[in-house]
Amino acid sequence: MKYICSNALTQPGAKAVLMGREEIKRGNGIKVDFDTDLLSSDDECFGRRKTTNDGTMASVNGQYVNVWCNGILNNPTETLENGEITYGPQPTCSILAQDGYVGVENGRCYGKYFDPGKYIIECGSALLPKRLIVLNGADYNAPTNVKTESDAERLFNTMYSNSKTQKSKYFKK
């Protein structure tokens, strides 16, 4: 006999339910997303959400979804050992990019932060960005006021000088 956690049951109650081996084996009343051979994170009962890839993906309604690092999802449905998941629609590149995140594996969860003051995240149709643009200190929102060829040359020389300064700062000989 094992105590099965209420969140692992299809009809959850307030407390864990005592079930026999045969009943557990049949899987009646147990959600497919939970492994009843594993203790819960608080070691109170059996039934931990199934994960794969070292805990970076978790089973939700029989499908594996990304486990997002804590704080990335605006409204997480559940918090796991490695991060948070949502049962609803998964975040897209453009949703993540609004807060400066990219959906790449970051240790044992997904989501890496890129400071919007230093990077532009350009999304395509997939979860991962099409391009990540490093600003190197440039203010991409600043007006250029380029009207003549000499204006363009002056702007280019300034950009070249800034780039040289940045290179010497980070790439020492």
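Bear in mind that the values here come from a model prediction, so they are computed numbers and not experimental data.

Caption draft 1: Quick look at the overall build of the protein. Scanning the protein from terminus to terminus reveals three helices and 13 strands. By the compact-globule yardstick of 16 Å for 173 residues, the protein is too spread out, its C-alpha radius of gyration being 25 Å. Each principal axis of the C-alpha distribution contributes one length, and for the protein these read about 85 × 35 × 20 Å. Expressed as a percentage of its 173 residues, the buried residues of the protein come to 28%. Long-range pairs, those at least 24 residues apart, make up 33% of the contacts in the protein with a sequence separation of at least 6. Summed over all atoms, the accessible surface of the protein reaches about 12,000 Å², with 50% contributed by carbon and sulfur. When the 21 basic and 20 acidic side-chain charges of the protein are each reduced to a single mean position, those positions are 6 Å apart.

Caption draft 2: Just the pairing of strand E10 (residues 101-105), in detail. Sheet analysis places E10 next to strand E11 (residues 110-113), joined by three bridges and oriented antiparallel. Note that in E11 the partner of Val-102 across the bridge is Lys-112. Turn length for the E10-E11 hairpin, with the two strands adjacent in sequence and antiparallel, is four residues, and the turn residue Gly-107 shows positive phi of about 80 degrees.

Caption draft 3: Inspection of the side chain of Glu-84 at higher detail. The residue Glu-84 is located in strand E9 (residues 84-85) in this model. Buried charge Glu-84 goes without a salt bridge, the closest partner of opposite sign being Arg-49 at 13 Å. A polar side-chain atom of Glu-84 sits 3.4 Å from the main-chain amide nitrogen of Gly-71. Filtering out sequence-adjacent residues up to four positions away, Glu-84 remains in contact with Asn-66, Val-67, Trp-68, Cys-69, Asn-70, Gly-71, Ile-72, Leu-73, Pro-76, Glu-78 and Thr-79.

Caption draft 4: Here's a closer look at the side chain of Asn-82. In this fold, Asn-82 is placed in the loop between strand E8 (78-79) and E9. Taking relative accessible area as the criterion, Asn-82 reaches 17% and is therefore assigned buried. Separated by 3.2 Å, the side chain of Asn-82 and the backbone oxygen of Gly-55 make a polar contact. Apart from residues no more than four positions distant in its own chain, Asn-82 is found in contact with Asp-54, Gly-55, Thr-56, Val-67, Arg-108 and Cys-109.

Caption draft 5: Fine view of the pairing of strand E13 (residues 129-134). Relative to E13, strand E12 (residues 119-123) runs antiparallel, the two sharing five bridges. Bridge pairing in E13 links Glu-122 to Arg-131. Here E12 folds back onto E13 in antiparallel fashion, the turn holding five residues.

Caption draft 6: Spatial organisation of the nonpolar core. One finds Met-57, Trp-68, Cys-69, Ile-72, Leu-73, Leu-96, Cys-109 and Tyr-110 forming the largest nonpolar core, which totals eight residues. Beyond its immediate stretch of four places on either side in the chain, Met-57 contacts Lys-50, Thr-51, Thr-52, Tyr-64, Val-65, Asn-66, Val-67 and Tyr-110.

Caption draft 7: Summary view of the state of the cysteines. Applying the stated criterion across every chain yields a total of three disulfides. A sulfur-sulfur distance of 1.9 Å marks the disulfide that ties Cys-5 to Cys-45. The chirality of the disulfide connecting Cys-5 with Cys-45 is right-handed, given an S-S dihedral of about 105 degrees. You can see Cys-5 sitting in the loop between strand E1 (2-4) and strand E2 (17-19) and its partner Cys-45 sitting in the loop between strand E3 (34-39) and strand E4 (46-49), a full 40 residues away along the chain. The same class applies to Cys-5 and to Cys-45, which are both buried. Residue pairing for Cys-93: its cysteine sulfur links by disulfide to Cys-123, the two sulfurs lying 2.1 Å apart. Across the disulfide from Cys-93 to Cys-123, rotation about the S-S bond amounts to roughly -75 degrees, and the bridge is consequently left-handed. Taken together, the positions of Cys-93 in helix H2 (residues 93-98) and Cys-123 in strand E12 put the pair 30 residues apart, joining distant regions of the chain. A relative accessible area of 4% means that Cys-93 is categorised as buried. Look at the protein and number its bonded cysteines as they come in the sequence; the links are 1-2, 3-5, 4-6.

About the cut-offs
- Every residue gets a number counted from 1 within its own chain, in the order that chain's sequence is written.
- The predicted nature of this model means local features are confined to residues of pLDDT at least 70 and side-chain atom pairs, given and counted, to a pLDDT of 80 or more, with totals for whole chains, interfaces and linings taken over all residues.
- Hydrogens and water molecules were not included; the side-chain quantities draw on all heavy atoms of the structure.
- Going along the chain from the N terminus, every DSSP run of H or I of four or more residues is numbered as a helix, and every run of E of two or more is numbered as a strand.
- Only C-alpha atoms enter the radius of gyration; for comparison, a globular chain is expected to reach 2.2 Å times N to the power 0.38, where N is the number of residues.
- When a residue's accessible area, from a 1.4 Å probe over protein chains only, is under 20% of the maximum for its type it is buried; when over 50% it is exposed; and in between it is partly exposed.
- Here, two residues are considered to be in contact whenever any of their heavy atoms come within 4.5 Å of each other.
- The Shrake-Rupley method, run with a 1.4 Å probe, gives the accessible areas here. Residue values count only the displayed protein chains as cover.
- Charge assignment in this entry is limited to Lys and Arg as positive and Asp and Glu as negative, and neither His nor the chain termini are counted.
- Here the site of a charge means atom NZ of a Lys, CZ of an Arg, CG of an Asp or CD of a Glu.
- Note on pairing: DSSP must find at least two bridges between two strands before they are called paired.
- By definition, a salt bridge exists where a carboxyl oxygen of Asp or Glu is found within 4 Å of a side-chain nitrogen of Lys or Arg.
- Between N or O atoms, a polar contact is any pair within 3.5 Å; within protein, one atom must be a potential hydrogen donor and the other a potential acceptor, and residues adjacent in sequence are included only when both atoms are from side chains.
- In this description, a nonpolar core means a group of buried Ala, Val, Leu, Ile, Met, Phe, Trp, Tyr and Cys residues linked to one another through side-chain atoms lying within 4.5 Å.
- Our working definition of a disulfide is a cysteine sulfur pair at a distance within 2.5 Å.

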